[in-house]
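# Topology and contacts: notes
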Amino acid sequence: MSFPWANEYKPSHPLMQWMDEKLPLPRLVYNAVGSGYEVPRNLNYMYNFGILAGLCLMIQIISGVVLAMHYAPNTLVAFDSTEHIMRDVNWGWMLRYGHANGASAFFIVIYAHIFRGFYYGSYKAPREMVWLLGVVIFLLMMATAFLGYVLPWGQMSFWGAQVITGLFSAIPLVGDPLREWLLGGFAPDNAALNRFFSLHFLLPFVILGVVILHIWALHINGSTNPTGVEVKTKSDTVSFHPYYTAKDGWTVGLFMLIYSAFVFFMPNALGHPDNYIPANPMQTPAHIVPEWYFWPFYAILRAFTVDFLIVPAKLMGVLAMFSAILVWFFLPWLDKSPVRSAKFRPLYRKFFWVLVLDVAVLAYCGGAPAEEPFVMISQIASLYYFLHFFVIVPIVSSIERPDPLPFSITESVLGHDGQSALGAKA
Amino acid sequence: MIRIFSILVGAFFSLALLLAVLTGAYSYVTEPPAKTVEATFYEHPEKLALASDGVFGKFDRQQLQRGFQVYKEVCAACHSLKHVAFRDLSALGYNEAEVKAIAASYTVNAQDPLTGEFKDRPGMAADKFPPVVYAGKGVPPDLSLITKSRHGGAAYIHSLLIGYSEQPAELIKAFPDAKTPDGLYYNRYFPTLNLSMPAPITSEGQVTYGDGTKATVDQMSADVSAFLVWTAEPELEKRRQTGLWWMGFLLFTTVLAYMAYRNIWAEKKGH
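Residues numbered from 1 in each chain as written. Chains lettered and ligands numbered in written order. Predicted model: local features only at pLDDT ≥ 70, side-chain atom pairs only at ≥ 80, totals over all residues.

## So, the overall build of chain A
- Within chain A, the regular secondary structure consists of 15 helices and 2 strands.
- Against the compact-globule benchmark of 22 Å for 426 residues, chain A has a radius of gyration of 24 Å, which places it among compact chains.
- By principal-axis analysis of the C-alpha atoms, chain A measures approximately 80 × 60 × 40 Å.
- A buried classification covers 46% of the 426 residues belonging to chain A.
- Expressed as a percentage of contacts within chain A between residues at least 6 apart in sequence, the contacts between residues at least 24 apart total 75%. (Helix = DSSP H or I, 4+ residues; strand = E, 2+ residues; numbered from the N terminus. Rg over C-alpha atoms; globule rule 2.2 N^0.38 Å. Buried ≥ 20, exposed ≤ 12 C-beta atoms within 10 Å, placed from the backbone. Contact = placed C-beta atoms within 7 Å.)

Here it is, written out as structure tokens:
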């Protein structure tokens, strides 16, 4: 958002003036991530994950495009071509480990980014569109990650594809034909692998497109901030450059350190050993589990073990799993509290932390074998998950009495508002 | 309106879950799941210390060569190593002539570039280890990736190789139906306790090491496990070495970036 006090782009060099008249791309950059974009001065480190997510997307696209130069999407050679990358392609192991762990890093960053949104009410008016586009990106990421995991054509690739496409067969009447149409066969095979590769290559660029819309929508109203109070005056903001470029800069370094520790020193810590066994349609693995970032939703899927009313258990699980994410689309309208930040919402804040714990429990159960006591624990945890979004959030937002808000961002930072100039320093 | 609808949807899923958890709890109480024989007698792999462990670990070339010898003389009777090429063996410390000699000791079925027909010829450094035809029932797994494709990695392989025994008497007593079937062999480190592979390394001195190392069963098992770490992760040393340089560089730039950040924000915090 362009606040009236934002710096204006004034190219001094004749070449830049010439450029500005023909294609004002430098002006766009200046106003988007340069000195011309004013941002609340009080953003904490939870607000760094958007940039990190963008970095992850870039890492994935660049490493992925190079990997695609060496990979062969054919069931006969897919597994071997992955090993060819690991052994015979120069720096191939770094590309592949970087890409596989890059997916995990992307999801860690995105989960932090989403929960930041839950805590600080980033989804609330007037930023609903930013939030909606964000949920779209998350769904696209899940699809892309799933498709990508199938490509090495290991045991978990194959059986993961079997299970996930099997979800579609739970749909009444059209389920089985739909699944066969999606797979191009009765089971995952060459046709499926080929189209999965094609879509896995395509979707990141769709994500990139939606990311651009997400940032565009964000810049219409500007970022939220930990107080949830809107920007009022010049003293509430700082320019993106150099303040947030500097802050993002060093957190990018910190992120790269943690990410690189995985890539170079424990590249398989987050993967499943079974995916180093070539796909074998005749041998089902003892435990089929997706990658860790799907565990909370996998736990919800498996929590529905009994038929309910006229709905079979499997269909209930599928509906619940999708609803668990789709409900986020409605969040701006379910949470009617005018106060954005959980910092000033004592009741909501407690439930927020219960949700964090709940999702951690779901994740643990999703990665555990489908046996007791994990099934019962995941049922109780799923129960809370649904209560939280569908029932607790709407009710809390109408009955809660929020704490008093600071007068302004400046007051929250300095202890006094810059406007009442001579106020005592806190 | 949307909130009433939401509460109804929430109630729908919640009731289904409530029903599910009650059903589950009821059957858990009425028919508690019996303890399985695997849960009682399976053991996690013993720790195995290898030179390649840890951030600064490097392969022990002597051990890898011994492990290769065990593979060649014992495992290779049934297990292939198809992702590894003879040329890769130079990483174990063999010189060019030795690599060529090892390759030539194998027979490779390959296409003759002049006639186009497939025929047997001695292996060359550029060839991969040829497929192994197993005469018995089943397909013994390829060993190239075995330490990455099993929980526990090298420690699991080592433990499995030394873990064969008769079925314990307590097992038969507690689970009379769990007697090891004919053609399978009992091993407490195998997840289902019984596997089709008979103990491959059975007696001391089964392999005669050139470097004078005493070939105990434990030593041979550890050596071949170390070798299989290398076949699965031939890039391991280069990866860690690159990683250390890269992390050092990152640490340096991150500290610089942090100082720049502190500097830029110095007068902005207001405190």
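Once the structure has been displayed, the description carries forward.
## What to know about the confidence of the model for chain A
- For chain A, per-residue confidence averages 95 on the pLDDT scale, and residues scoring 70 or more make up 98% of the total.
- Across residues 420-426 of chain A the pLDDT falls below 50, and counting only partners more than four positions away or on other chains, this stretch makes 7 contacts in the model. (pLDDT = per-residue confidence, 0-100.)

## A few points about the interface of chain B and chain A
- The interface is formed by 46 residues belonging to chain B together with 48 residues belonging to chain A.
- Among the elements of the structure, helix H1 (2-30) and helix H8 (236-265) of chain B are those that each provide at least two residues to the side of chain B that touches chain A.
- For the side of chain B that touches chain A, a count of residues per class yields 26 nonpolar, 13 polar and 7 charged. (Nonpolar A, V, L, I, M, F, W, Y, C, P; charged D, E, K, R; others polar.)

## Let's talk about the pairing of strand E2 (residues 118-122) of chain B
Residue and element names in this part refer to chain B.
- Among the 5 residues that make up E2, 0 are buried, leaving the element largely open to the surroundings.
- One ladder, built from 5 bridges, connects strand E1 (residues 107-111) with E2; its direction is antiparallel. Each residue of the ladder has a partner; that of Asn109, found in E2, is Asp120.
- Hairpin connection, E1 to E2: the antiparallel pair is bridged by 6 residues, and Gly116 has positive phi, about 85°. (Pairing = 2+ DSSP bridges.)

## Thoughts on the nonpolar core
Residues and elements named next belong to chain A.
- Ranked by size, the top nonpolar core spans 104 residues in total, and within it Phe106, Val109, Ile300 and Leu362 carry the most contacts.
- Broken down by element, the residue count for this core peaks at 15 residues, all from helix H5 (residues 92-120).
- Every residue in contact with Leu362, bar those within four places of it in the chain, is listed here: Pro296, Ala299, Ile300, Ser378, Ala381, Ser382 and Tyr385. (Core = buried A, V, L, I, M, F, W, Y, C linked by C-beta atoms within 7 Å.)

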